[in-house]
Structure formats: structure tokens, C-alpha cells
Protein chains: 2
Amino acid sequence: MTHLLTQIEIEQALGALAGWAQTGNEISRSFTLSSFPAALVFASTVGHLAERADHHPDILIQYRKVTLTLSSHSAGGLTEKDFDLAREIDAIA
Amino acid sequence: MTHLLTQIEIEQALGALAGWAQTGNEISRSFTLSSFPAALVFASTVGHLAERADHHPDILIQYRKVTLTLSSHSAGGLTEKDFDLAREIDAIA
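Since the model is a prediction, treat every value here as computed from it, not as a measurement.

Rules and cut-offs
Residues numbered from 1 in each chain as written. Chains lettered and ligands numbered in written order. Predicted model: local features only at pLDDT ≥ 70, side-chain atom pairs only at ≥ 80, totals over all residues. Heavy atoms only, no water. Least-squares fit on C-alpha atoms with pLDDT ≥ 70 in both. Contact = heavy atoms within 4.5 Å. Pairing = 2+ DSSP bridges. Helix = DSSP H or I, 4+ residues; strand = E, 2+ residues; numbered from the N terminus.

Trainee: How do you make sense of the relation of the copies chain A and chain B when you look at a structure like this?
Mentor: In summary, the two copies of the chain are related to each other by a rotation about an axis coupled with a shift along it. Between the two copies, chain A and chain B, the superposition gives an RMSD of 0.0 Å; the rotation angle is 180° and the shift along the axis is 0.0 Å. Such a turn and shift between the copies fits a two-fold axis. The position closest to the rotation axis in chain A is occupied by the C-alpha of A:Leu60, lying 2.1 Å away. Taken together, the interface assignments show that 100% of the residues at the interface of chain A recur at the interface of chain B, consistent with an identical surface on both copies.

The following block contains the structure:
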């Protein structure tokens, strides 16, 4: 069972990440790519990271914009798994 | 300029499609795949159809579920392009 982060821990983790924002039990970030095909490839690459981590964000593709939303549903809130994946995603963005 | 469909035309077109529902100026359908990787592949395939048609649905991937939302934003409503792409998507689902 992954430890549920406290609000203070969430804010500390968010402070080290650019572009991610918290809404309740979720964190999300939007990425604007150069084209729709580029957005598809980015979404697919995020998907591969997610599958490897066994942690799956919601992925919304709206033309060139990809919005990722992370939460640890099984834990009922945000955990280190969410921030670990957010950092991995930022590293490929 | 593509012809904006009337509500009667929309309902006729929807009547010939299984699983698609109208919400205002949009039609949407959810597809549940066998796994998250299968959902990614499906989303990518839909993306290729969309790019070929130069008509881009919103694509939301939530684990094994993919929700597609179609609208002709430039026309301000639903057109034949939306239903043409919906039929193409159904043919590969």
C-alpha cells in the first residue's frame, strides 16, 4: 500500500514541478505539441511510461493539446507514484 | 463550408449508429478495450483516421476506456464530417 501524501507533502512535491496543478485528489498538466500527429505520439509515449509504472493517468487529446491527469485511485488520493510518473513525463516533454 | 445538420438530420444519422449519443453540438461514444495498451493502440488508430479526414475528435483515454467526442467546431455544430468519421471509427472498433 502506497502512503497517501498529506497536503503539505503534495505542495512540496508540486513546488519542484513546473506546470502541474492540483485539483482535489488529482494533479494535471497540459502539453501543447506541434501538430495532432505529434500529440498522438506524445500520448502514446506517456502511455508506455504509464504501463511500465503500472500507473495510468487519464490522457485527453484535443488536437495539438494533451492533458494528463494523475491520481492514485486505489489509495484514494495522491501518492509518490503520481509524482514519480509526473517527473518521468516531464523528462520526455 | 460544410452544411450544418438540423436536429432532425442529426437524429436520423444517430438512428443508424449504435452507441453514439448527442450532447448539444457534440456526439460521443465510449469504447472499452481489453487492456490499457489496447486502448492506446485504438486511440492511435482513431487518430490516423482523424488525420486522414482532417477532422479531429477529442480522445480521452481512461485505462481501458476510450471516449471519443466529435463536433465540427469551425461550423459551430454537427455536420456530415462528424458522422462520416463516426462510421469509420465504428468500422474498426
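Moving on from the coordinates now.
Trainee: Can you help me understand the pairing of strand β2 (residues 26-32) of chain A in this one?
Mentor: Taken residue by residue, a regular strand's side chains alternate between the two faces of the sheet. Residue and element names in this part refer to chain A. Here strand β1 (residues 21-23) pairs with β2 via three bridges, running antiparallel. Across the sheet, residue threonine 23 finds its bridge partner in β2, namely glutamate 26. Remark: two residues form the turn of the hairpin made by β1 and β2, two consecutive strands paired antiparallel; glycine 24 in that turn has positive phi of roughly 60°. Examined bridge by bridge, β2 and strand β4 (residues 65-70) share six bridges and lie antiparallel to one another. By the bridge assignment for β4, threonine 32 is matched with lysine 65.

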